[in-house]
Amino acid sequence: AFPDSGDPLTSRVAGTAKLASEPPHLPTPQAIEPQAIVQQAPAPSRMQMPQGNPLLLSHTLQELLARDTVQVELIPEKKGLFLKHVEYEVSSQRFKSSVYRRYNDFVVFQEMLLHKFPYRMVPALPPKRMLGADREFIEARRRALKRFVNLVARHPLFSEDVVLKLFLSFSGSDVQNKLKESAQCVGDEFLNCKLATRAKDFLPADIQAQFAISRELIRNIYNSFHKLRDRAERIASRAIDNAADLLIFGKELSAIGSDTTPLPSWAALNSSTWGSLKQALKGLSVEFALLADKAAQQGKQEENDVVEKLSLFLDLLQSYKDLCERHEKGVLHKHQRALHKYSLMKRQMMSATAQNREPESVEQLESRIVEQENAIQTMELRNYFSLYCLHQETQLIHVYLPLTSHILRAFVNSQIQGHKEMSKVWNDLRPKLSCLFAGPHSTLTPPCSPPEDGLCPH
């Protein structure tokens, strides 16, 4: 099991007091973290790991995908007091639940995940658009929210947390308050993981170099998959555009066949031929409508099975990139600032001692230095724990890499099935063309094989 069981803060810090630069000046351990945070023992997580180093994970893509499948569907638009708002029906296969959520509920849910798991890959939410949200935007946001909640529901840590269960199964009206209460009554993962203060012991010696290499690799993978997703979108879009063109093509043939404009007197000799031709053209619209339906089905299938899966993987990769930025701009940056502040305080202390200042002012400086040493110690521990989590999240990215084969298989199958079904309709259509070339008094015959210039000698 993942080491997520609770551990009293006092015993943890006592074991790490030796990390401070001047041990005799260390304050009591309780000062390291805010007293306001209530320590509770969270439910142990089920993050599978082999015996030995707890840093290493043991997962398969099938195991992660099997954790849950969450559907997010639009429900009929409702009117609020001032503005219309969109509501979603969120259904969880795992919890056998169906609840209604608004976009702001997703926002609070994500905030609570970041509060509890600041060193993990929390996916980003799609942007909120206040006014002028058209159907296309609303549908794109629905798809993005579905990807978000499925990534969360399949994460080894998030999937076992009470915040997720509340979001997917709580049917009361105050879900946002429930989420906040459940997350804020405990500290973040650093406070609740019993291995947090020993994270450095499990990290490889060259963790910084490994982190840089992994980050560059995942950045390259992200760029390549982004291009793949763009091309897949274009392919699916072309299929849908092709469907629209085929439908219009058939309708125009039907319009020609339905035309009732009388023939001029000089063309009366060919009236029977034209009548037969019109009748045949009118009948072809059915086949072209069927072709349009097949092309549209192929485009929609590729949107769902190819484009959406590529977008899901891109969302995961983006959450990793965001996590790397949080590590550098958050924990690492705060640690560096704290060290700089500590250096300034030490200089002030040396200056005060040299100038023989009042004992009270010297004691105040000593107290501030002790507090800063304590803060540096905590930030150093958090920095190593952040790297520990980053290492595990990098492993999860690699667990998801086989999703590529699923996507390619779906794409190939869609192309084979789509072309097979459309080919059958085209073949069924060909015999019906014979009446286009031979009327009651006509000597026209259908072309068997057109010459190289594409024009029939008849």
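Residues numbered from 1 in each chain as written. Predicted model: local features only at pLDDT ≥ 70, side-chain atom pairs only at ≥ 80, totals over all residues. Heavy atoms only, no water.

**Considerations on the overall build of the protein**
Okay, step 1: For the protein, the helix and strand inventory stands at twelve helices and five strands.
Okay, step 2: In the protein, buried positions account for 41% of the 458 residues.
Okay, step 3: Long-range contacts, defined as pairs at least 24 residues apart, comprise 78% of the intrachain contacts of the protein with a sequence gap of at least 6.
Okay, step 4: Of the roughly 25400 Å² of accessible surface on the protein, 56% is carried by carbon and sulfur atoms. (Helix = DSSP H or I, 4+ residues; strand = E, 2+ residues; numbered from the N terminus. Buried < 20%, exposed > 50% of the residue type's maximum accessible area, 1.4 Å probe, protein only. Contact = heavy atoms within 4.5 Å. Areas by Shrake-Rupley, 256 points an atom, 1.4 Å probe, with all protein chains shown as cover.)

**Observations concerning unusual backbone geometry**
Okay, step 1: The backbone of lysine 96 shows a phi angle near 50 degrees, a positive value even though the residue is not glycine.
Okay, step 2: Locating lysine 96 in the fold gives a position in the loop between strand E4 (87-92) and strand E5 (97-102).

**Topic: the pairing of E5**
Okay, step 1: Residues Ser97, Val99 and Arg101 of E5 are buried on one face, while the alternating residues Ser98, Tyr100 and Arg102, pointing to the opposite face, are not.
Okay, step 2: Note: E4 against E5, six bridges, orientation antiparallel. By the bridge assignment, glutamate 89 is partnered in E5 with tyrosine 100.
Okay, step 3: Remark: four residues form the turn of the hairpin made by E4 and E5, two consecutive strands paired antiparallel; lysine 96 in that turn has positive phi of roughly 50 degrees. (Pairing = 2+ DSSP bridges.)

**Considerations on the nonpolar core**
Within soluble globular proteins, side chains that are nonpolar generally end up buried alongside one another.
Okay, step 1: One finds Phe313, Tyr320, Phe385 and Tyr388 to be the most contacted residues of the largest nonpolar core, which totals 47 residues.
Okay, step 2: Looking at this core, the elements that each hand over two or more residues are helix H2 (61-65), helix H7 (189-192), helix H8 (199-202), helix H9 (207-257), helix H10 (271-354), helix H11 (359-400) and helix H12 (403-429).
Okay, step 3: Considering every element that reaches this core, the biggest residue donor is H10, with eleven residues.
Okay, step 4: Setting aside chain neighbours within four positions, we find phenylalanine 385 in contact with Tyr119, Glu189, Phe190, Cys193, Ala196 and Ala199. (Core = buried A, V, L, I, M, F, W, Y, C linked by side-chain atoms within 4.5 Å.)

**Observations regarding the packing of aromatic side chains**
Okay, step 1: Scanning all chains against the criterion turns up 13 aromatic pairs.
Okay, step 2: Relative to phenylalanine 106, the ring of tyrosine 88 lies with its centre 6.2 Å away and its plane at 85 degrees, an arrangement referred to as edge-to-face. Here tyrosine 88, found in strand E4, pairs with phenylalanine 106, found in helix H3 (residues 103-116); they are 18 residues apart in sequence, far enough to count as distant.
Okay, step 3: For tyrosine 88, a relative accessible area of 0% corresponds to the buried category.
Okay, step 4: Taking the centre distance of 6.0 Å and the plane angle of 85 degrees together, the rings of phenylalanine 109 and phenylalanine 148 count as edge-to-face. Residue phenylalanine 109 is located in helix H3, and its partner phenylalanine 148 is located in helix H4 (residues 135-153); the two are separated by 39 residues in the primary sequence.
Okay, step 5: Taking the ring centre of phenylalanine 167 as reference, the NZ or CZ of arginine 101 above it sits at 5.4 Å.
Okay, step 6: It is lysine 321 that lies over the ring of tyrosine 222; its NZ or CZ is 4.0 Å from the centre. (Phe/Tyr/Trp six-rings, centres within 6.5 Å; stacked < 30°, edge-to-face > 60°. Lys NZ or Arg CZ within 6 Å of the ring centre and 35° of its normal.)

**Notes on the sheet that holds strand E1 (residues 70-74)**
Okay, step 1: Taken in spatial order, the three strands line up as E1-E4-E5 in an open sheet, and their pairing is antiparallel. Each edge of the open sheet is held by one strand with a lone partner, namely E1 and E5. Within this sheet the neighbouring strands show an average axis-to-axis angle of 25 degrees, counted without direction.
Okay, step 2: In this sheet, E4 lies alongside E1 in antiparallel orientation, the contact comprising five bridges. By the bridge assignment for E4, glutamine 71 is matched with serine 91.
Okay, step 3: Running at roughly 160 degrees to E1, H4 makes contact with E1 and E4 of the sheet. (Axes fitted to C-alpha atoms, helices over the stretch in contact; angles between N-to-C directions.)

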